[in-house]
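# Architecture at a glance
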Amino acid sequence: MKISGSIGLCAFLLTLETTIAFAPAPSQSITARTVMSSTKTTCPKTGNPLPNLPIPDPLLSLTPGTWAYDTMSRRLNKEILQRTYEENEEQFNSPPFAKALERFNKLRSELDDAANTKLRHLEFESTDGRPADVVAREEAEWKSIMQPYIDNGDTWLSAPWLYTEFYAYRRLIEAIGYYDKSNADTYMYDPFVFAKRAGLHSSVNSAENMLEKVVSLPNTKEGVALAAAFALWGNKMDLSIWPADAENSSLDVFAKILHAADDNLLHDDTDLLTARCEVLRETGDGKIDIIVDNAGFELVTDLALADHLVASGVARVVTFQLKGHPTFVSDALEKDLLETVQHYASLSPEKYPNAHAAGLRWQKYLEEGKWVCHEDNFWCQPSPFWEMPNPLRADMKDRCDLAFVKGDANYRRLLGDRYWDYSAPFQDVVGCYFPCPVCSLRTLKAEVGCGMDEKQVERARGLDDGWMVNGRFGVVQVGTGAGEIGAEE
């Protein structure tokens, strides 16, 4: 049963902002393309609710000097795919990977001439090892995604940045033959496994200190706030002021730690988040999703958040929403989460007592069904979250009491990767259409945003020219979800 909770709902509605004061200025010319009418209240593609505000133009990759242009014209090929080749050089140069290498090089040659190379539809193997209905569904989804830009004659730079970036990673999966069951060497081969395992192994030292703190968090709103702060900032948290006897310390001490962590927050809805969690703690039946971003240390912070939510009684079940195939180098699949849990459980209890103990707890949560993993290809696609398909949307609407959305790519999809006013209320952009109550934990790594405090944005601009893209600044933003009373008013 969905829990609305008068405390959480009143807190949501009392804090909704209604003014739009300032905005990013798109500096690139926008070619003619299909844009949703601002008069529509439901998505013509899915019938889902839309943002309450007129939907602005998407980010393209046409303007030199922007992060989007640099990513699609240089960084994706020269850095990311080059590193992918180097990490998999032995495999790429083996006979079973000959076709994969040929297609991989073809993809790179397209990106070398990104400004002039037109996009094409994905190709699907006749030897695809998945069930036929799964293949047909994904093929239809990608055809629908790409058709407007192929019909428009778009290139890697003129189509929306988010679309071409996700498309590039799916083209890599195509090139490798990831789903080709006729080739045992390339079938389900993860080209990012070396990078992800390196991140996993290097995470332990930082995580050991953090996990010692997590088990001592109080079962109060302050505990939830700190667990969320860990999930947002990770090893950027200043733990030097953590009390030696945390279990017997006053809540004021934890409030001071939180205050030290919020210097670089451009919007902070932590009070709304903790109010919602207190409602769920009181009911004892909370069902919470974490829409996961990266493997490695960031995933460990997600597991730590889920650990606290279950241990403190906020959640009865935590569902991890994970990618359906390798993408964006470090994004986490179910196998990455399970490998992380197994790795931590197998650590030396003498050298890493807190990480080892955490791994054992996490194994137990999985065995008991308190943690559930769910992969879906929607999380690997560029469509805005207001186009979330059924049954995924229906499941989250009916089952989920609160969803944490982690990471920058997921945040970009919450916003459709469009030029929203920076102060446009998160509730009117995201909270009004999302299928359930939602909390975004995001450090800024792309030139989009909403719901940020004007004075804080001006301060960030003055402190750091790269404030939108370097991860120094972050937001904690909460929305009611479309199913809540008043969410669409």
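Located above this text is the structure these notes cover.
Residues numbered from 1 in each chain as written. Predicted model: local features only at pLDDT ≥ 70, side-chain atom pairs only at ≥ 80, totals over all residues. Heavy atoms only, no water.

### Description of the overall build of the protein chain
- Counting its regular elements, the protein chain contains 17 helices and seven strands.
- For the protein chain, with 489 residues in total, the buried portion stands at 59%.
- Considering only intrachain contacts with a sequence separation of at least 6, the fraction spanning at least 24 residues in the protein chain is 80%.
- Roughly 19,200 Å² of accessible area belongs to the protein chain as shown, and the carbon and sulfur atoms make up 51% of that amount. (Helix = DSSP H or I, 4+ residues; strand = E, 2+ residues; numbered from the N terminus. Buried < 20%, exposed > 50% of the residue type's maximum accessible area, 1.4 Å probe, protein only. Contact = heavy atoms within 4.5 Å. Areas by Shrake-Rupley, 256 points an atom, 1.4 Å probe, with all protein chains shown as cover.)

### Details of the pattern of salt bridges
- For the structure shown, the criterion picks out 36 salt bridges.
- Close ionic contact of Arg137 with Glu141 constitutes a salt bridge, the shortest N to O distance being 2.8 Å. Of the two residues, Arg137 and Glu141 both sit in helix H5 (residues 132-151), four residues apart, roughly one turn of that helix.
- Exposure remark for Glu141: the relative accessible area of 18% places this residue in the buried category.
- Glu174 is paired through a salt bridge with Arg171; the nearest N and O atoms lie 3.8 Å apart. Here the residue Glu174 and the residue Arg171 both occupy positions in helix H6 (residues 161-176), the gap between them amounting to three residues, near one helical turn.
- In this structure Glu174 comes out as buried when scored by relative accessible area, which is 8%. (Salt bridge = Lys/Arg side-chain N within 4 Å of Asp/Glu carboxyl O.)

### Considerations on the packing of helix H11 (residues 297-311) against helix H13 (residues 353-368)
- Between H11 and H13, whose axes approach to 11 Å, the crossing angle comes to 65°. Classified by the angle between their axes, H11 and H13 sit roughly perpendicular to one another. In the packing of H11 onto H13, the handedness of the crossing is left-handed. Between H11, through Val300, Leu303, Ala304, Asp307, Val310 and Ala311, and H13, the contact on the second element is made entirely by Arg361, Trp362 and Tyr365. (Axes fitted to C-alpha atoms, helices over the stretch in contact; angles between N-to-C directions. Parallel < 35°, antiparallel > 145°, perpendicular 65-115°, else oblique. Left-handed = near helix turned anticlockwise from the far one by under 90°.)

### Some details on the layout of surface pockets
- Within this model, the largest pocket holds a volume of roughly 970 Å³.
- Lining the largest pocket we find 41 residues, and of these Asp293, Asn294, Glu298, Ser330 and Lys445 sit closest to its centre.
- Mapped onto the lining of the largest pocket, the elements with two or more residues apiece are helix H2 (67-87), H6, helix H7 (193-214), helix H8 (221-233), H11, helix H15 (408-414) and strand E6 (438-443).
- Residues of the lining of the largest pocket, tallied by class, amount to 14 nonpolar, 14 polar and 13 charged. (1 Å grid on protein atoms, 1.4 Å probe; cavity = no way out; pocket = protein on both sides within 12 Å on 5 of 7 lines; lining within 4 Å. Points joined across faces, edges and corners; volume = space filled by probe spheres on them. Nonpolar A, V, L, I, M, F, W, Y, C, P; charged D, E, K, R; others polar.)

### Digging into the nonpolar core
- Residues Phe320, Tyr344, Trp362 and Phe404 are the most contacted members of the largest nonpolar core, which totals 56 residues.
- No other element matches H11, which puts nine residues into this core.
- With near-sequence residues (within four places) excluded, Trp362 lies in contact with Leu211, Val300, Leu303, Ala304, Asp307, Val341, Tyr344 and Trp371.
- Judged by nonpolar contacts, the second largest core, of 43 residues, contains Leu81, Leu101, Ala168 and Tyr169. (Core = buried A, V, L, I, M, F, W, Y, C linked by side-chain atoms within 4.5 Å.)

### Let's talk about the packing of aromatic side chains
- According to the stated counting rule, one finds 22 aromatic pairs in the structure shown.
- Judged by centre distance (5.2 Å) and plane angle (65°), the ring pair of Tyr149 and Tyr163 falls under edge-to-face. With Tyr149 in helix H5 and Tyr163 in helix H6, this residue pair connects regions lying 14 residues apart in the sequence.
- Tyr149 gets classed as buried once you look at its relative accessible area, which sits at 11%.
- Considering the side-chain rings of Phe385 and Phe434, the 6.4 Å spacing of their centres and the 50° angle between planes classify their relative orientation as tilted. Of this pair, Phe385 sits in the loop between strand E4 (371-376) and helix H14 (392-399) while Phe434 sits in the loop between helix H16 (426-431) and E6; the two residues are 49 residues apart in sequence, bridging distant segments of the chain.
- We classify Phe385 as buried; its relative accessible area is 0%.
- Ring pairs connect the aromatic residues Phe378, Trp379, Phe385, Trp386, Tyr433 and Phe434, which therefore count as one cluster.
- For the cation-ring pair, Arg130 lies above Tyr179, with the distance from its terminal atom to the ring centre recorded as 3.5 Å.
- The residue whose ring lies beneath Arg413 is Phe166, and the NZ or CZ to ring-centre distance is 5.6 Å. (Phe/Tyr/Trp six-rings, centres within 6.5 Å; stacked < 30°, edge-to-face > 60°. Lys NZ or Arg CZ within 6 Å of the ring centre and 35° of its normal.)

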